[in-house]
Number of protein chains: 8
Amino acid sequence: MEPIRSRAIPPRTGDEVSPLDKRIIEHLQQDGRRPFTQIAAELGVSEAAVRARTSRLIERGILQIVGVTDPLKLGFHQMAMVGVRCDGDKLIEAAEQIAELPEVSYAVITAGPYDVLVEAVCEDNEALLSFLADRLRHIPGVRDTEAFVYLRIVKETYQWGTR
Amino acid sequence: MEPIRSRAIPPRTGDEVSPLDKRIIEHLQQDGRRPFTQIAAELGVSEAAVRARTSRLIERGILQIVGVTDPLKLGFHQMAMVGVRCDGDKLIEAAEQIAELPEVSYAVITAGPYDVLVEAVCEDNEALLSFLADRLRHIPGVRDTEAFVYLRIVKETYQWGTR
Amino acid sequence: MEPIRSRAIPPRTGDEVSPLDKRIIEHLQQDGRRPFTQIAAELGVSEAAVRARTSRLIERGILQIVGVTDPLKLGFHQMAMVGVRCDGDKLIEAAEQIAELPEVSYAVITAGPYDVLVEAVCEDNEALLSFLADRLRHIPGVRDTEAFVYLRIVKETYQWGTR
Amino acid sequence: MEPIRSRAIPPRTGDEVSPLDKRIIEHLQQDGRRPFTQIAAELGVSEAAVRARTSRLIERGILQIVGVTDPLKLGFHQMAMVGVRCDGDKLIEAAEQIAELPEVSYAVITAGPYDVLVEAVCEDNEALLSFLADRLRHIPGVRDTEAFVYLRIVKETYQWGTR
Amino acid sequence: MEPIRSRAIPPRTGDEVSPLDKRIIEHLQQDGRRPFTQIAAELGVSEAAVRARTSRLIERGILQIVGVTDPLKLGFHQMAMVGVRCDGDKLIEAAEQIAELPEVSYAVITAGPYDVLVEAVCEDNEALLSFLADRLRHIPGVRDTEAFVYLRIVKETYQWGTR
Amino acid sequence: MEPIRSRAIPPRTGDEVSPLDKRIIEHLQQDGRRPFTQIAAELGVSEAAVRARTSRLIERGILQIVGVTDPLKLGFHQMAMVGVRCDGDKLIEAAEQIAELPEVSYAVITAGPYDVLVEAVCEDNEALLSFLADRLRHIPGVRDTEAFVYLRIVKETYQWGTR
Amino acid sequence: MEPIRSRAIPPRTGDEVSPLDKRIIEHLQQDGRRPFTQIAAELGVSEAAVRARTSRLIERGILQIVGVTDPLKLGFHQMAMVGVRCDGDKLIEAAEQIAELPEVSYAVITAGPYDVLVEAVCEDNEALLSFLADRLRHIPGVRDTEAFVYLRIVKETYQWGTR
Amino acid sequence: MEPIRSRAIPPRTGDEVSPLDKRIIEHLQQDGRRPFTQIAAELGVSEAAVRARTSRLIERGILQIVGVTDPLKLGFHQMAMVGVRCDGDKLIEAAEQIAELPEVSYAVITAGPYDVLVEAVCEDNEALLSFLADRLRHIPGVRDTEAFVYLRIVKETYQWGTR
């Protein structure tokens, strides 16, 4: 008989974000360039503390502060979520190659009818077709694709996991 | 006979982002808090120019600089893309109510088999069930839902439309 | 026991299109305004015969001569085939109301998973959404819709049934 | 880092169709052979202007004037929209070969569950089977097909994009 | 705790069909009007035995001898298998009403995505549409239908269970 | 340009079944062994006429008189309709091989999501599995199968096309 | 702005199962009635220790020792997994009522196309139909059901989580 | 012509479970280690009778007494039912190899859209992905998989066939 296995669960790190950390994150979610002096004043701590904690949150990979652009304003008028089905044994390799395509802003392996969900950002329908037919479907292991064209983005927030 | 209509197409604004604007955006995509003096030095322009152009890009809605957090690091271990089908005549109203749910980080109306695609960020399976059964499916006009649980996020970039 | 029924099949009219009729149709498929004198000369018959036969083909509904426009050239950049499913007992009524919507260029009742296939011609994604959400799905008896956005039209011929 | 790209959008030509052009198109949509003198009289312009503008609309590909036949009246009793799924990397090549089959009146590459939607016009069920099994499915890259048989055409207009 | 139930299985009657019965059935499957004297001679039994056993097989519902007609030869050119989905609690009632429609030659309740599979025999596409839209879908409890039009019948045998 | 083709439609033979023929068919649908003398007496014609017309209907393939057995009464307890999808170019060959399997009572090529619908009559679940896994799916060109197990046969009539 | 929430994760109890506990579980998985003296001898501990640890594992809900019966041997010949879809806002209530039906051995709420997966154990096809049509589909909130009939159980182990 | 076959049905053994057997089973379903003396006293029979009948039920494969563990309590937090589709001719071989994977607690071949339904018990999403991508989909003959992640187990009983 096989020996019983039970998995050593690593300590979860989520709880280690202190209440003060969270207040700082909230400020930076509102404005990524808000001066540390202003945040420090509002939270009643020193600027050095805000600066140090922010650096530490970034180092630990909990926070990043980034410039996010609006694709529509830059001439990318056709976006789609693309459901991809892969050949049996090529799932992870294919997903990694998909992620390298420049039109792909987002790629996630999912349980369910699609193996990979891919968000593509394209200029227009011809560019979307070119992405699908000339690039995505030429990746080894990609069997078929089904694109859900975006009609309107209703919500998009960069504050995941902090509500 | 109906009169011929043809639509007055508004001028597209995408082209108005100058090459210098784009170089500034690239810097801020790498680090949202990079000092303007450093960007100015690298691009060979004045700090005032960088500051002014950045402000203008933000005002025009082309750019935002935000703190983005990693849900896994904050204790949110179960994410899913949820395909939602709505009753015939309630699509837009339902999509707007869905967008107000706190678990929803992303909601988009699509052409295709799902009326709305919704990304949900939850602590665990029970929280995902609670989101689906107690909140999402109680919104008037939501007929059924199908959740694609995330197994692994392979790519996630905040640089849409600027590749 | 029910009496045996067998259906009186009406004589099919397809065979009544004479070889000369077909030659005339071929000319008009190439150019709907080709002068009858030119067609007559090429076919070795009188202009009166060409004119009379053309009129008769039009009267019988076999032929129409129409101006056909290219939607893309007139600013309509988003087309889709929309599969519509209707409530049980409202199929034909719904199909007829769908046909009256101005965005609809084509509507056909089909056997299969969709009750009605509808071609819609729209300016852009917002107009397509408005067509789907504000008009199509408000027609009584329309239960749900699934849009297949056109990426490229590969063939389009107005010569049905005469190949 | 990749340089930022933004696409030079070509000027849209839709707006260049003048109001007078549109009035002429409307006349020709009603009757493709309406004499230019009659159109000129109704619009209050010279026959030469109508003739010149019509020629120009045809040259620019905005308008064509064609004889359109009714397949049912010519003995073609079975029509179907056929959803085609292609092998990963053969989509465009397959679509182009499909378009060359004589039974195909219409072929469009779509986003969604079917790669290509194809309208086929056939004499009867045996001819439709022969089209599907002996021709369409022998094209390299065609993986499977699903035919939606037409039960009734409810609307068919040749006035796309001019409503 | 609930008491244990176990089901009293009725004795199966299949085994009670004797080898002689089966030989008689085989003869009648080939020609339903073959004279009993001929069958008796070939099987080496009396005509009375063949007659008596045939009557008994018919009485027991094991055999029926019927005239079967070819729908195509009688002017019924469009047949379809129709998958029917019913409202939750109306399955059996709906199936029984479906069975009473004259176009229905066959109706079976199945496990799987369709609640009832229905074979319909119709003159042409308009008659099939009328069957679907005006009769089948007006039966209370019928929610939606999906017709698989027959292209060619490849095999049809009336010898079920006796191969 | 391709020459116009139009198909010579063969005269339909359905109308050639006379009213007397139909009355005879009705009698034989009720009881395939009803004596011709009895039918003749009820219809007011000679026995020779009934006999001759019946022979002629059988020769023309319009009618067959057959013994039909009830599979359940012969120990075949598990029936299923099986939807079969075939590889692109093997549809008709596969369908013909399927038709030769002894468990298959019915096979039809259809338009729609399944290429071939197959009715199988089996003793029990193990026999159905053996049919699917060991025979049906080993036929070259059969790609996948989906079985709809019968729960109850609600209607089964052998009087197609004569209602 | 909403305050940042992060979830207090309860300590996971899985790790608290000691290696000795696991060895005891392994013995009882092989034979639920194995005498504690025998287990104690093989593991080199006292019978009292085995008895006490077993009681504690049962109290904590980690282990149960039960008689499991084979449905086929008790006359239940038709089993199915049933995918259930529920009305929007009745998911959990419906699942709980489903769980009370005696034919149901297993019920689980899932992400994906089915809201609830239900294993049903029935005597035969008529009993399965009765379960589906007369009981399952009469539960308020059950919209439709799709049964996957079992053809063969290939593996069934009661040793979850201890492999 | 093929000879008529009819299947020799083996005597069903379900009825051979006596009422006393069933009462004993009921006791052991409640507690698999209940002392035989206690059961004997409650049922008014000798301990030897209870012991002998229990042994006989186990020998005949009708009953097994096993330790069943709760996967959640042992650190296995992600379970899923996985629908597997196999290549045409590899169904049974693939199912048997699937059954050997340690994550698989249950595997059943079904009629319907999935060839095999597999229950997998995994520690977390990464382990589920590894199971799907690295093991399940590398089994020869497995074509694609679709996982339905468990959100909540509502019912789980080990008393199949004895309700």
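Basis of the calculations
Residues numbered from 1 in each chain as written. Chains lettered and ligands numbered in written order. Predicted model: local features only at pLDDT ≥ 70, side-chain atom pairs only at ≥ 80, totals over all residues. Heavy atoms only, no water. Least-squares fit on C-alpha atoms with pLDDT ≥ 70 in both. Contact = heavy atoms within 4.5 Å. Buried area = accessible area lost by both parts, 1.4 Å probe. Salt bridge = Lys/Arg side-chain N within 4 Å of Asp/Glu carboxyl O. Polar contact = N/O pair within 3.5 Å; in protein donor to acceptor, adjacent residues only side chain to side chain. Helix = DSSP H or I, 4+ residues; strand = E, 2+ residues; numbered from the N terminus. Nonpolar A, V, L, I, M, F, W, Y, C, P; charged D, E, K, R; others polar. Pairing = 2+ DSSP bridges. Buried < 20%, exposed > 50% of the residue type's maximum accessible area, 1.4 Å probe, protein only. Axes fitted to C-alpha atoms, helices over the stretch in contact; angles between N-to-C directions. Patch = residues over 30% accessible without salt bridge, like charges linked within 9 Å, V, L, I, M, F, W, Y side chains within 5 Å. Areas by Shrake-Rupley, 256 points an atom, 1.4 Å probe, with all protein chains shown as cover. Lys, Arg positive; Asp, Glu negative; His and termini not counted. Charge placed at Lys NZ, Arg CZ, Asp CG, Glu CD. Arc of directions from axis to C-beta. Phe/Tyr/Trp six-rings, centres within 6.5 Å; stacked < 30°, edge-to-face > 60°. Lys NZ or Arg CZ within 6 Å of the ring centre and 35° of its normal. Disulfide = S-S within 2.5 Å. Parallel < 35°, antiparallel > 145°, perpendicular 65-115°, else oblique. Left-handed = near helix turned anticlockwise from the far one by under 90°.

**What to know about the relation of the copies chain B and chain A**
Here two copies of a chain appear, and what relates them is a rotation about an axis with a shift along it. Placing chain B over chain A gives an RMSD of 0.1 Å and needs a rotation angle of 180 degrees, together with 0.0 Å of translation along the axis. In short, the pair behaves as if placed about a two-fold rotation axis. Here 100% of the interface residues in chain B have copies in chain A that are interface residues too; the copies meet face to matching face.

**Examining the interface of chain B and chain A**
By convention, interface size is frequently given as the accessible area that disappears when the constituent parts associate. Every contact between the two is made by 70 residues of chain B and, on the other side, 70 residues of chain A. Around 6,500 Å² of area is buried between chain B and chain A when both sides are counted, 58% of it from carbon and sulfur atoms. Where chain B touches chain A, the interface holds 0 salt bridges. Run the count over chain B and chain A and you get 33 residue pairs in polar contact (both at pLDDT 80 or more). Broken down by secondary-structure element, the contributors of at least two residues to the side of chain B that touches chain A are helix 1 (19–30), strand 1 (63–69), strand 2 (78–86), helix 4 (91–99), strand 3 (104–110), strand 4 (116–122) and strand 5 (142–156) of chain B. Among the elements that take part in the side of chain B that touches chain A, strand 5 of chain B stands out by supplying 10 residues, more than any other. Of the residues belonging to the side of chain B that touches chain A, the class tally is 38 nonpolar, 16 polar and 16 charged. As paired strands, strand 5 (residues 142–156) of chain A and strand 3 of chain B are joined by 5 bridges and run antiparallel to one another. Bridge pairing in strand 3 of chain B places E156 of chain A opposite Y106 of chain B.

**Topic: the pairing of strand 3 (residues 104–110) of chain A**
Residue and element names in this part refer to chain A. Burial analysis of strand 3 places 7 of its 7 residues in the buried class, the great majority of the element. Looking at chain direction, strand 3 and strand 4 (residues 116–122) are connected through 5 bridges and run antiparallel. Each bridged residue has a counterpart across the sheet, and for A107 the counterpart in strand 4 is V118. Between the end of strand 3 and the start of strand 4, which pair antiparallel, lie 5 residues, with G112 showing a positive phi angle near 125 degrees.

**Some remarks on the sheet that holds strand 4 (residues 116–122) of chain D**
With antiparallel pairing, 8 strands are arranged side by side around a closed barrel as 2(C)-4(C)-3(C)-5(D)-2(D)-4(D)-3(D)-5(C). Neighbour to neighbour, the strand axes of the sheet diverge by 35 degrees on average, direction disregarded. The sheet contact formed by strand 2 (residues 78–86) of chain C and strand 4 (residues 116–122) of chain C spans 7 bridges and is antiparallel. What sits directly across from V84 of chain C, in strand 4 of chain C, is V116 of chain C. Packing of helix 5 (residues 125–135) of chain A onto the sheet brings it into contact with strand 2 and strand 5 (142–156) of chain C together with strand 3 (104–110) of chain D, and relative to strand 5 of chain C it is tilted by some 85 degrees. The strands touched by helix 4 (residues 91–99) of chain D within the sheet are strand 5 of chain C together with strand 2 (78–86), strand 3, strand 4 and strand 5 (142–156) of chain D, with strand 5 of chain C carrying the most contacts at an inclination of about 80 degrees.

**Quick word on the pattern of salt bridges**
In this structure the tally under the stated criterion is 88 salt bridges over all chains. Of the charged contacts, one joins R137 of chain G and D115 of chain E as a salt bridge, the two residues approaching to 2.8 Å between their closest N and O atoms. With one member in each of two chains, R137 of chain G in the loop between helix 5 (125–135) and strand 5 (142–156) and D115 of chain E in the loop between strand 3 (104–110) and strand 4 (116–122) form a pair that bridges those chains. The residues R137 of chain G and D115 of chain E share a single accessibility class, namely buried. Residues E146 of chain F and R85 of chain F are paired through a salt bridge, measuring 3.6 Å at the closest nitrogen-oxygen approach. Of this pair, E146 of chain F sits in strand 5 (residues 142–156) while R85 of chain F sits in strand 2 (residues 78–86), and the two are 61 residues apart along the sequence. Each of the salt bridges in this network shares a partner with another, and the network as a whole consists of R85, D144 and E146 of chain A together with D87 and R143 of chain D.

**Some points on the sheet that holds strand 3 of chain A**
Spatially, 2(A)-4(A)-3(A)-5(B)-2(B)-4(B)-3(B)-5(A) is the arrangement adopted by the 8 strands of the closed barrel, whose pairing is antiparallel. Averaged over all pairs of adjacent strands, the angle between strand axes in this sheet comes to 35 degrees, irrespective of strand direction. Contacting strand 5 of chain A together with strand 2, strand 3, strand 4 and strand 5 of chain B, helix 4 of chain B runs over the sheet at an angle of about 80 degrees to strand 5 of chain A.

**Remarks on the interface of chain E and chain D**
Counting from both sides, the interface comprises 11 residues of chain E and, opposite them, 11 residues of chain D. Regarding the contact of chain E and chain D, the summed buried area is about 930 Å², with carbon and sulfur atoms giving 53% of it. Sorting the residues of chain E by area buried against chain D places N125, L151 and R152 of chain E first, and these three jointly supply 56% of that buried surface. Salt-bridge contacts for R152 of chain E lead to E126 of chain D; the nearest nitrogen and oxygen are separated by 2.8 Å. Joining chain E to chain D, the criterion identifies 6 residue pairs in polar contact (both at pLDDT 80 or more). For the side of chain E that touches chain D, the secondary structure elements donating two or more residues are helix 5 (125–135) and strand 5 (142–156) of chain E. Sort the elements by how many residues they give to the side of chain E that touches chain D and helix 5 of chain E lands first, with 5 residues.

**Quick word on a negative patch on the surface**
Together, D89, E93, E96 and E100 of chain A together with D134 of chain H make up a negatively charged patch on the protein surface. Its location among the elements puts D134 of chain H in helix 5 (residues 125–135).

**A few points about helix 4 (residues 91–99) of chain E**
Of the positions making up helix 4 of chain E, those classed as buried are L91, I92, A94, A95, I98 and A99 of chain E. The arc that holds every buried residue of helix 4 of chain E, seen down its axis, measures 160 degrees, which confines them to one face. Considering only its buried residues, helix 4 of chain E is in contact with strand 2 (78–86), strand 3, strand 4 and strand 5 of chain E, strand 5 of chain F together with helix 5 of chain G.

**What to know about the packing of aromatic side chains**
The tally for this structure, following the rule as stated, stands at 24 aromatic pairs over all chains. Geometrically, the ring pair formed by Y114 of chain C and F148 of chain C is edge-to-face, given 5.7 Å between the ring centres and 75 degrees between the ring planes. Here Y114 of chain C is found in the loop between strand 3 (104–110) and strand 4, whereas its partner F148 of chain C is found in strand 5, with 34 residues between them in sequence. Overall, Y114 of chain C belongs to the buried group, its relative accessible area being 5%. For F148 of chain C, a relative accessible area of 1% corresponds to the buried category. Through a chain of ring-to-ring contacts, the aromatic side chains of Y114 and F148 of chain A together with Y114 and F148 of chain B assemble into a single cluster. Residue placement shows R33 of chain A over the ring face of F36 of chain B; its charged tip is 3.8 Å from the ring centre.

**Quick word on the state of the cysteines**
Scanning all chains against the criterion turns up 0 disulfides over all chains. Of the cysteine sulfurs around C86 of chain F, a residue in no disulfide, the closest is that of C86 of chain D, at 18 Å. Since its relative accessible area comes to 0%, C86 of chain F is described here as buried. Free cysteine C122 of chain G: the closest other cysteine sulfur is in C86 of chain G, separated by 18 Å. By relative accessible area, which is 1% here, C122 of chain G ends up buried.

**Observations regarding the packing of helix 2 (residues 36–43) of chain F against helix 3 (residues 47–59) of chain F**
Residue and element names in this part refer to chain F. Close contact between helix 2 and helix 3 brings their axes to 8 Å; oriented N to C, the two are set at 110 degrees. Comparing the axis directions of helix 2 and helix 3 gives the class roughly perpendicular. In the packing of helix 2 onto helix 3, the handedness of the crossing is right-handed. In contact with F36, T37, I39 and A40 of helix 2, helix 3 contributes E47, V50, R51 and T54.

**Brief notes about the environment of I24 of chain H**
Residues and elements named next belong to chain H. Of note, I24 is situated in helix 1 (residues 19–30). Look at I24 and you get buried, because its relative accessible area is 0%. Sequence separation of I24 and Q64 is 40 residues, and the distance between their C-alpha atoms is 13 Å. Discounting residues that sit within four places of it in the chain, I24 has contacts with I39, L43, V50, R53 and T54.

**Details of the environment of G88 of chain D**
Relative to the helices and strands, G88 of chain D is located in the loop between strand 2 and helix 4. Assessed through its relative accessible area of 9%, G88 of chain D is described here as buried. As a C-alpha pair, G88 of chain D and R137 of chain D span 49 residues in sequence and 16 Å in three-dimensional space. Residues within four places of G88 of chain D in sequence aside, it is in contact with R137 and R143 of chain A.

**Considering the relation of the copies chain E and chain D**
Relative to chain D, chain E is turned by 180 degrees and slid 0.0 Å along the rotation axis, the superposed coordinates differing by an RMSD of 0.1 Å. Same-surface contact between copies: 100% of interface residues of chain E are shared with the interface of chain D.

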